[in-house]
Amino acid sequence: MSPDFTFKLLMLGDASVGKTSLTHRYITGVFVDSPRLTIGVDFFSKKIRLDNNKSVKIQIWDFGGEERFRFLLPTYSKGSNAAFFLYDITSHKTLESLSVWIQIIRKNAGNIPIFLIGSKKDLVDHRQISFEEASQKADEFLLTNHTELSAKTGENVEESFQGLTELLMKKS
Ligand code: GDP
Ligand code: MG
């Protein structure tokens, strides 16, 4: 049966921040230690049922974070409903590239909700970015939400996608 709603989510951020791991964790419920490098873009989808018995299909477009794949973004981001921008809390430079990514998203996908997500929360001992610093960035760029999560332990993964679905349902 076709779903009542379909949402397209862009998974964005620098190489190695954990986009594929997060996608995989959400779709399958497990953490894979070394996912293969994403070449270009990979597609995943998951169907969920809401409390009101409506079915929602979430399509995840997992982009290769490397510079050489960025040319794909303008074309593939058309028609998306939301974006997750991931930075790695243990690597300061992964937050610094946010402004560049935001420009690309705004130019090609318009004013869609963007969730700022600090990944690898299990590695707090190696933290280079405080929650407050990233929250300020989220405010500065008028992003929809800011959270930290771990694809490895699963902490906050379900909640983040739940927050996304609820927001998109409200908008549709
Ligand atoms: P991508 O390039 O953004 O898709 O990043 P990957 O998902 O390929 O992950 C890059 C590396 O970070 C891999 O070695 C993952 O195992 C690791 N990684 C991803 N998520 C986590 C996490 O939540 N915790 C830890 N400790 N490592 C992670
Ligand atoms: Mg990847």
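The name given to the protein chain in an unreviewed UniProt entry is Rab family GTPase, and the organism recorded there is Promethearchaeum syntrophicum.

Asks: Even after reading the chapter, I still don't get the nonpolar core, so can you show me in this structure?
Replies: It is characteristic of soluble globular proteins that their nonpolar side chains tend to be buried jointly. In terms of nonpolar packing, the biggest core is built from 25 residues, with Leu12, Phe63, Phe85, Tyr87 and Leu116 touching the most fellow members. Elements that contribute at least two residues to this core include exactly β1 (5–12), β3 (55–63), β4 (82–88), α4 (98–109), β5 (114–119) and α5 (131–140). Ranked by residues supplied to this core, first place goes to α4 with six residues. Beyond its immediate chain neighbours, meaning those up to four positions away, tyrosine 87 contacts Val17, Thr94, Leu95, Leu116, Ile117, Gly118, Ser119, Ile129, Ala134, His146 and Glu148. One finds Leu22, Phe84, Ile117 and Leu149 within the second-largest nonpolar core, a separate group that totals 22 residues.

Asks: Is there a simple way to think about the coordination of the magnesium ion (ligand 2) in this case?
Replies: Around a metal, the ideal angle is 109.5 degrees if four donors adopt a tetrahedral arrangement and 90 or 180 degrees if six donors adopt an octahedral arrangement. Protein coordination at the magnesium ion (ligand 2) comes from Thr20 (OG1) and Thr38 (OG1), with a distance range of 2.1 Å. Taken together, the positions of threonine 20 in helix α1 (residues 19–28) and threonine 38 in the loop between α1 and β2 (41–49) put the pair 18 residues apart, joining distant regions of the chain.

Asks: Explain the pairing of β4 here, please?
Replies: One face of the sheet, then the other: side chains in a regular strand alternate in exactly this way. For β4, the buried fraction is high: seven of the seven residues fall into the buried class. Taking every second residue as pointing to the same face, both faces of β4 are buried, with Ala82, Phe84, Leu86 and Asp88 on one and Ala83, Phe85 and Tyr87 on the other. With four bridges joining them, β1 and β4 adopt parallel strand pairing. Its bridge partner being in β4, methionine 11 is matched across the sheet by phenylalanine 84. Sheet analysis places β4 next to β5, joined by six bridges and oriented parallel. By the bridge assignment for β5, tyrosine 87 is matched with glycine 118.

Asks: Looking at this structure, how should I read the layout of surface pockets?
Replies: A probe as big as a water molecule, rolled over the atoms, marks out the empty space that is left. In this model, the largest pocket occupies a volume close to 460 Å³. If you go around the largest pocket, you meet 26 residues; those closest to its centre are Ser16, Val17, Gly18, Ser21 and Pro35. Among the elements that line the lining of the largest pocket, the one with the most residues is α1, at four residues. Along the lines of polarity and charge, the residues of the lining of the largest pocket split into 10 nonpolar, nine polar and seven charged. The space that makes up the second largest pocket amounts to roughly 260 Å³. Forming the walls of the second largest pocket are Tyr26, Ile48, Arg49, Leu50, Asp51, Asn52, Glu158, Phe161, Gln162, Thr165, Glu166 and Met169.

Asks: Help me understand the sheet that holds β1 in this model?
Replies: Sheet strands pair via backbone hydrogen bonds, and the direction of the pair is either parallel or antiparallel. The six strands are arranged β2-β3-β1-β4-β5-β6 in an open sheet whose pairing can be described as mixed. Edge positions in the open sheet fall to β2 and β6 (145–148), since each of these has one partner strand only. Taking each pair of neighbouring strands and ignoring which way they run, the sheet shows an average axis angle of 20°. Packing against the sheet, α4 makes contact with β1, β4 and β5, and its axis sits at approximately 150° to β5.

What counts, and where the lines are drawn
- Residues numbered from 1 in each chain as written.
- Chains lettered and ligands numbered in written order.
- Predicted model: local features only at pLDDT ≥ 70, side-chain atom pairs only at ≥ 80, totals over all residues.
- Heavy atoms only, no water.
- Core = buried A, V, L, I, M, F, W, Y, C linked by side-chain atoms within 4.5 Å.
- Buried < 20%, exposed > 50% of the residue type's maximum accessible area, 1.4 Å probe, protein only.
- Helix = DSSP H or I, 4+ residues; strand = E, 2+ residues; numbered from the N terminus.
- Contact = heavy atoms within 4.5 Å.
- Donors = N, O, S within 2.8 Å, 3.2 Å for Na, K, Ca; no water.
- Pairing = 2+ DSSP bridges.
- 1 Å grid on protein atoms, 1.4 Å probe; cavity = no way out; pocket = protein on both sides within 12 Å on 5 of 7 lines; lining within 4 Å.
- Points joined across faces, edges and corners; volume = space filled by probe spheres on them.
- Nonpolar A, V, L, I, M, F, W, Y, C, P; charged D, E, K, R; others polar.
- Axes fitted to C-alpha atoms, helices over the stretch in contact; angles between N-to-C directions.

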